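# Summary of structural features
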Amino acid sequence: MNHNKGNVFIISAASGTGKTTLVSRLCANPDNRIRVSVSHTTRAPRAGETDGEHYYFVSKETFMDLVGQGAFLEHAEVFGNYYGTGMAGVEDLCNQGFDVILEIDIQGAEQVRRLLPDAVSVFILPPSLAELGERLRRRDTDSAEVVAHRLLKAEQEIQQAFIFDFVVENKDLEQAERDLLHIFKAHRFSQKQQRKTIEKVLQNH
Ligand code: 5GP
């Protein structure tokens, strides 16, 4: 194996912050060597969402079977639906040398932080709550009632930003993408990630 093992990055944000767009942009560039973990969910697919690409869309029964089998690194109920991160997929990508993004909610982030203390956590902030409300309404995929509920939840979630390792404000998409990439790159130079390089230099005399 001539590459270092990839690391796990938790990325959380209130819904509507642009987290999914940011994550897909980071993963779209193969030079970044970043992949996103595809979660399982019991929520119905939205227009344009594909099974196996955006989520694995499963029934509640299948989801609970997977919970029973211990297949999830973490799982949580969000807005009345279940979401979970499959353990095997994450391990496989890390072993291939990719940094793996878990695009998950705060409850999931807490579970992963306990299980994987080396995971890096990043919280994405909207420019303001007013702007977030606008974005949610423009998205128009959810009813007014759901939007109001998400906005209320957003405020509580943003209060949790204090417990994350890094915080990036998504005011300008391209700037936020650059800021995020710096976090990934800087982490690759941490001493723990560079152990193989140190050993290689020490052996070569
Ligand atoms: P959405 O239904 O809008 O795609 O996602 C709703 C929320 O669920 C978002 O905050 C998203 O990050 C979170 N989520 C998506 N996948 C997972 C997962 O596997 N685990 C957890 N805990 N949350 C997830």
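Sequence order as written defines residue numbering, which begins from 1 separately in each chain. With pLDDT at 70 or above as the cut-off, local features in this predicted model cover only qualifying residues; side-chain atom pairs require 80 or more to be listed or tallied, and sums for whole chains, interfaces and linings still use all residues. The basis for every side-chain value is the complete set of heavy atoms in the structure, and neither hydrogens nor water enter the calculation.

Which entries qualify depends on this criterion: UniProt positions are given in the numbering used here, feature names are shortened, and annotations may be inferred rather than shown by experiment.
By the naming in an unreviewed UniProt entry, the protein goes by Guanylate kinase and is assigned to Conchiformibius steedae. Quoted verbatim from the Sequence similarities (unreviewed entry) field of UniProt, the annotation for the protein is "Belongs to the guanylate kinase family." In the Catalytic activity (unreviewed entry) part of its UniProt record, the protein is described as follows: "GMP + ATP = GDP + ADP".

### Focus on the UniProt feature "binding site: ATP" (unreviewed entry) in the protein
What counts here: Here a strand is any run of E in DSSP of at least two residues, a helix any run of H or I of at least four, and the numbering for each starts at the N terminus. Throughout this description, buried means an accessible area under 20% of the type-specific maximum (1.4 Å probe, protein chains only), exposed means over 50%, and partly exposed covers the range between. Whether two residues are in contact is decided by their heavy atoms: any pair within 4.5 Å suffices.
Using the residue numbers shown here, the UniProt feature "binding site: ATP" (unreviewed entry) corresponds to Ala13, Ala14, Ser15, Gly16, Thr17, Gly18, Lys19 and Thr20. Summarising the element assignment, Ser15 is placed in the loop between strand S1 (8-13) and helix H1 (19-28). Ser15 gets classed as buried once you look at its relative accessible area, which sits at 16%. Once residues within four sequence positions are removed from consideration, Ser15 is found in contact with Phe79, Leu132, Leu136, Arg139, Arg150 and Glu157. Along the polypeptide, Gly16 turns up in the loop between S1 and H1. Taking relative accessible area as the criterion, Gly16 reaches 17% and is therefore assigned buried. The contacts of Gly16, once residues within four sequence positions are left out, are Leu132, Arg135, Leu136 and Arg139.

### Some points on the sheet that holds strand S5 (residues 72-78)
This is how it is decided: By the convention used here, strands pair only if DSSP detects at least 2 bridges between them.
Taken together, the 4 strands give an open sheet; going across it, the order is S4-S3-S6-S5, and neighbouring strands pair in mixed fashion. Sheet topology places strand S4 (56-57) and S5 at the edges, where each strand pairs with a single neighbour.

### A few points about the state of the cysteines
Definition in use: In what follows, a disulfide is any cysteine sulfur pair within 2.5 Å.
A full pass over the atoms with the stated rule returns 0 disulfides. Unpaired in this structure, Cys27 has its nearest cysteine sulfur neighbour in Cys94, at a distance of 13 Å. Take Cys27: its relative accessible area is 21%, and that puts it in the partly exposed class. On the basis of relative accessible area, Cys94 is assigned to the buried category, the value being 5%.

### What to know about the nonpolar core
Spelled out, the test is: Residues enter a nonpolar core if they are buried and are Ala, Val, Leu, Ile, Met, Phe, Trp, Tyr or Cys, with the set joined through side-chain atoms within 4.5 Å.
Within the largest apolar cluster, 21 residues are counted, with the highest numbers of intra-cluster contacts made by Ile10, Leu102 and Val112. Of all the elements in the fold, those that place two or more residues in this core are S1, helix H3 (87-95), strand S7 (99-103), helix H4 (106-115) and helix H6 (144-158). Apart from residues no more than four positions distant in its own chain, Leu102 is found in contact with Val8, Phe9, Ile10, Ile11, Ser37, Leu73, Thr85, Val90 and Val112. Grouped together as the second largest cluster of nonpolar side chains are 17 residues, Val122, Ile124, Val168 and Ala176 included.

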